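Here is how the chains run, residue by residue.
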Amino acid sequence: MLEQTVQIISNERDTDAYFRLVLRAPQIAPLVQPGQFAHVRVTPLKDALLRRPFSIFQVGGDTFSILYKTVGKGTEAMARMRAGKELNVIAPLGHGFTVPRPGGETPLLVAGGYGMAAMYLLAQRSPQKGIVFVGGRRRVDILCEREFAALGWDVRVTTEDGSRGEKGLVTQPLLAELKRGASGKKLYACGPTGMLKAVGKIAGEFDVPAELSMDEHMCCGVGVCLTCVIPMKAGGGWEYQRTCTEGPVFDSRRVLWETAK
Ligand SMILES: Cc1cc2nc3c(=O)[nH]c(=O)nc-3n(C[C@H](O)[C@H](O)[C@H](O)COP(=O)(O)OP(=O)(O)OC[C@H]3O[C@@H](n4cnc5c(N)ncnc54)[C@H](O)[C@@H]3O)c2cc1C
Ligand code: FES
């Protein structure tokens, strides 16, 4: 983990409210593992000390990138930043996904909206190709479909309004796939909490392992403030764990949904 001021190489709109930010960070880029995140200080904000967490989307040479959706004042300020400006980041942070082993379980990736961003490095570094289930409300929420296909993955798209792919929720084609045969498969998911909960339930029903990237509000990002804790099963009881350090990726069997915030 390093704290560095890095230069913006590009910051371009992808679709609708989504942007891709590429940062030159030669010391950080080689350290990144799939599912880890960067904590970004959005310099133009008055309260710039409050950082924003973003999954590390892609790594290339001495750069890494973030795929983000503008949802509030931090991300809107980020979207206005131009190439050549600098940003302070702490990265890579968190405990990421377990990269599949050669000859191991077939990976089934499940992503909702910007959850795709956490999945790309996993797909790229996995020696086993599998299926990526991508879901969103509308076609503009379907990100990186071609990039996953270019990695040789089978991409299955769903939208809630039916404007792209199958109409419905991303868990529908996942369920259909597992009904065809669940043995030897492993799920990896990132997206809204409702989707993660559904994926965790499906994993339990089919008795397949699942790793979920839990997207909680964060403050310090480095394990000090306890803003990001969620309840996890531990021994015969439960305990709070920090999504910024023990997570954001957790084994679905350990997540205690009943008491989750
Ligand atoms: C580990 C992790 C990885 C993330 N990766 C990505 C990513 O790859 N791309 C991306 O676009 N976003 C990602 N996020 C969410 C991102 O951090 C928030 O969208 C961002 O902090 C919002 O900042 P803001 O100032 O624009 O919004 P604010 O003004 O702070 O909030 C605007 C709205 O966004 C909601 N919001 C704020 N933070 C979160 C959050 N953590 N989760 C869900 N809703 C939130 C608020 O409740 C509010 O409704 C990630 C979050 C975490 C914890
Ligand atoms: S965000 Fe501070 S402990 Fe996790």
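All values derive from a computational prediction rather than experimental measurement.

**Quick notes on the nonpolar core**
A general trend in soluble globular proteins is that nonpolar side chains are found buried together.
Then step 1. Counting 72 residues, the largest nonpolar core has Ile-56, Leu-109, Val-110, Met-116, Met-119, Ala-189 and Val-199 as the members making the most contacts within it.
Then step 2. Looking at which element gives the most residues to this core, the answer is helix H5 (residues 193–206), with 6 residues.
Then step 3. Two domains each put at least three residues into this core: domain 1 (2–93) and domain 2 (106–259).
Then step 4. Residues within four places of Ile-56 in sequence aside, it is in contact with Val-32, Gln-36, Phe-37, Ala-38, Phe-64, Ile-66, Ala-91, Pro-92 and Leu-121.

**Points about the sheet that holds strand S6 (residues 63–69)**
Paired through their backbone hydrogen bonds, the strands of a sheet run either parallel or antiparallel.
Then step 1. Pairing is antiparallel across the open sheet formed by 7 strands, whose spatial order is S4-S3-S7-S1-S2-S6-S5. The sheet is open, and its two edges are formed by strand S4 (52–55) and strand S5 (58–60), each paired on a single side. Between one strand axis and the next, the sheet turns through 35 degrees on average, direction left out of account.
Then step 2. Relative to strand S7 (residues 86–93), strand S3 (residues 37–41) is paired through 4 bridges, and the arrangement is antiparallel. Paired with Arg-41 across the strands is Asn-88, a residue of S7.

**Quick word on unusual backbone geometry**
Then step 1. With an omega of -10 degrees, the peptide bond running from Ala-91 to Pro-92 counts as cis.
Then step 2. Within the secondary structure layout, Pro-92 lies in strand S7.
Then step 3. Residue Pro-248 is bonded to the preceding Gly-247 through a cis peptide linkage, with omega at 15 degrees.
Then step 4. Within the secondary structure layout, Pro-248 lies in the loop between strand S15 (237–242) and strand S16 (249–251).
Then step 5. Despite not being glycine, Cys-144 has its phi angle at roughly 60 degrees, a positive value.
Then step 6. Within the secondary structure layout, Cys-144 lies in the loop between strand S9 (131–136) and helix H3 (145–150).
Then step 7. Its 24 C-beta neighbours within 10 Å are what place Cys-144 among the buried residues.

**Describing H5**
Owing to its 3.6 residues per turn, the α-helix aligns residues three or four sequence positions apart on the same side.
Then step 1. An ideal rise of 1.5 Å per residue puts 20 Å on 14 residues; H5 measures up with 20 Å between its terminal C-alpha atoms.
Then step 2. Every buried residue of H5 is listed here: Met-195, Leu-196, Ala-198, Val-199, Gly-200, Ile-202 and Ala-203.
Then step 3. Tucked inside the fold, the buried residues of H5 contact strand S8 (106–112), helix H4 (171–180), strand S12 (185–190) and strand S13 (210–213).
Then step 4. With its phi angle positive at about 55 degrees, Asp-207 sits one or two positions after the end of H5.

**Brief notes about the site of ligand 1**
Then step 1. In the region of ligand 1, 20 residues are neighbours, and Tyr-68, Gly-72, Gly-74, Thr-75 and Ala-117 sit closest.
Then step 2. Looking at the shell around ligand 1, the elements with two or more residues in it are S4, S6 and helix H1 (73–79).
Then step 3. It is S4 that contributes the most residues to the shell around ligand 1, 4 residues altogether.
Then step 4. Here the shell around ligand 1 is composed, by residue class, of 10 nonpolar, 5 polar and 5 charged.

**Here's the deal with the pairing of S13**
Then step 1. Residues Ala-210 and Leu-212 line one face of S13 and the alternating positions Glu-211 and Ser-213 line the opposite face, and both faces are buried.
Then step 2. Taken together, the 4 bridges between S12 and S13 define a ladder with parallel strand orientation. Paired with Cys-190 across the two strands is Ser-213, which belongs to S13.
Then step 3. In this region the chain leaves S12, passes through H5 and returns to the parallel neighbour S13; the handedness of that crossover is right-handed.
Then step 4. Looking at chain direction, S13 and S16 are connected through 3 bridges and run antiparallel. Its bridge partner lying in S16, Glu-211 is registered against Asp-251.

**Side note on the domain arrangement of the protein**
Then step 1. Domains assigned within the protein are domain 1 (2–93) and domain 2 (106–259).
Then step 2. Look at where the C-alpha atoms of domain 1 and domain 2 centre, and you get two points 22 Å apart.
Then step 3. Between domain 1 and domain 2, the residue contacts involve 22 residues of the former and 19 residues of the latter.
Then step 4. Of all the secondary structure elements, the ones that give two or more residues to the side of domain 1 that touches domain 2 are S3, S4, S5, S6 and S7.
Then step 5. Looking at the side of domain 1 that touches domain 2 residue by residue, the class counts come to 13 nonpolar, 5 polar and 4 charged.

Definitions and limits used
- Residues numbered from 1 in each chain as written.
- Chains lettered and ligands numbered in written order.
- Predicted model: local features only at pLDDT ≥ 70, side-chain atom pairs only at ≥ 80, totals over all residues.
- Core = buried A, V, L, I, M, F, W, Y, C linked by C-beta atoms within 7 Å.
- Buried ≥ 20, exposed ≤ 12 C-beta atoms within 10 Å, placed from the backbone.
- Helix = DSSP H or I, 4+ residues; strand = E, 2+ residues; numbered from the N terminus.
- Domains from an automatic or database assignment.
- Contact = placed C-beta atoms within 7 Å.
- Pairing = 2+ DSSP bridges.
- Axes fitted to C-alpha atoms, helices over the stretch in contact; angles between N-to-C directions.
- Expected span 1.5 Å × (residues − 1).
- Near = placed C-beta within 6 Å.
- Nonpolar A, V, L, I, M, F, W, Y, C, P; charged D, E, K, R; others polar.
- Right-handed = clockwise from strand over helix to strand, strands pointing away.

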